Amino acid sequence: VGVVNEDVDKEIVEIAQPVGPIFAVTPITNPTSTVLFKILIALKSRNPLIIRPHGAAKKCTIQAAKLCYEAALKAGAPEHCIQWVKRSSQDQTLQMMAHRKTALVLATGSVDLVRAAHRSGTPTIGVGPGNVPVYIGKSADVPFAVEQIHLSKVFDYGTICASEQAMIVRACHAKQVHTEFARRGAYFVTGDEIDRLSQVAYNAEQRIMRIEVIGQPATKIAAMADIDVPPETTLLIAELDGVGIDVPLSHEILAPILASYTARDMAEGVEMCRRINRHGGLGHTVSMFSRNEEMIRRFAEVMNAGRILINTPASHGALGATYNGLQPSLTLGLSLIHI
């Protein structure tokens, strides 16, 4: 590519060079937006791309790739710059990751997939699960916080990996938060409804969310779990006590399902966020609603996350689509503190 930037004052010259063929694994969640973005960043950096779509989303992924390929050819791009694998076994996917001519792997998917990509011996950039906690602090504007969390969680039926998965509420706000969510069509599952929803949403044997609920409306998921909800229901909220393997809804569920916890004070709320973050989302995203600058800074300093979002919907904030003039990114998001 040659020189792409030159800073005369600092005497720094940036020279870009393509790495070579990129092998991109795309997920069942966001199957079209992820492939569109990976195609753009690969071609803009002069690299050909081979796409391996998730089996349950291959039709829409391949269709999106075809549209991009046709447009690229019309714009003068070389033949075969975008390719895709219609179907492949797990072993074949691993072989393509490790192929001596594969220059880079862009892997988006489960923890096991990302780990396999990193073990392939090929340079890898991986994007795994988020399991994002959001903390509503003592000084939070509660109606605003609920509005933003609801907006984020129902967007695209909760399929963004940066969408809130667990809400930690200061006890002083618990009643108001419940009321505000109910006003927006949320339904609070209780008792044995939580067990039925857990079985529908999470595969305990494989320890992964069930693909049947991914990106589905709350009413459809409720019907699958034999839970009677009003037809205008937008979100299912389960009030939980624990976090871990034996609490299925404390895992990442990319659907309009939200776990909820109550914290007595800031210390308990922060610790709960850290536990949830460690439970399948380490290094990804955490969120907080607060108007106390000191508490915001304290929260940010102890969270192990690449994106720390303050007073913004997590789905949109982590993509760089809300404030501060960040360049939006549909994958490989920036590390940032976003206020």
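Below is a short write-up of the structure.

What counts, and where the lines are drawn
Residues numbered from 1 in each chain as written. Predicted model: local features only at pLDDT ≥ 70, side-chain atom pairs only at ≥ 80, totals over all residues. Heavy atoms only, no water. Core = buried A, V, L, I, M, F, W, Y, C linked by side-chain atoms within 4.5 Å. Buried < 20%, exposed > 50% of the residue type's maximum accessible area, 1.4 Å probe, protein only. Helix = DSSP H or I, 4+ residues; strand = E, 2+ residues; numbered from the N terminus. Contact = heavy atoms within 4.5 Å. Axes fitted to C-alpha atoms, helices over the stretch in contact; angles between N-to-C directions. Left-handed = near helix turned anticlockwise from the far one by under 90°. Nonpolar A, V, L, I, M, F, W, Y, C, P; charged D, E, K, R; others polar. Pairing = 2+ DSSP bridges. Right-handed = clockwise from strand over helix to strand, strands pointing away.

1. A closer look at the nonpolar core
If you look at the biggest cluster of nonpolar residues, it comprises 46 residues, and the most contacted ones within it are L236, I257, Y261 and F299. The biggest single contributor to this core is helix α9 (residues 266–278), with five residues. Non-local contacts of I257, meaning those with residues more than four positions away in its chain, are made with K153, L197, A201, I221, L235, L236 and L249. One finds A140, V142, V177 and A186 within the second-largest nonpolar core, a separate group that totals 17 residues.

2. Quick word on the packing of α9 against helix α10 (residues 293–302)
Their axes nearest at 11 Å, the elements α9 and α10 cross at an angle of 30 degrees. Both α9 and α10 take part in a crossing whose hand is right-handed. Facing α9, whose interface residues are M266, V270, C273 and R274, α10 presents M295, F299 and V302. Across the contact of α9 with α10, the residue classes tally to six nonpolar, no polar and one charged.

3. Some words on the pairing of strand β3 (residues 22–25)
Alternating positions in β3 separate into two faces, I22 and A24 on one and F23 and V25 on the other, with burial throughout. Of the pairings in the sheet, the one linking β3 to strand β4 (residues 49–52) comprises four bridges and is parallel in character. Residue pairing in the sheet places I22 in a bridge with L49 of β4. Remark: the β3/helix α1 (residues 31–44)/β4 crossover connection has right-handed handedness. Across four bridges, β3 lies against strand β6 (residues 104–108) in parallel orientation. Among the inter-strand pairings, F23 is bridged to a residue of β6, identified as V105.

No statement about biological role is implied by the geometric values presented.
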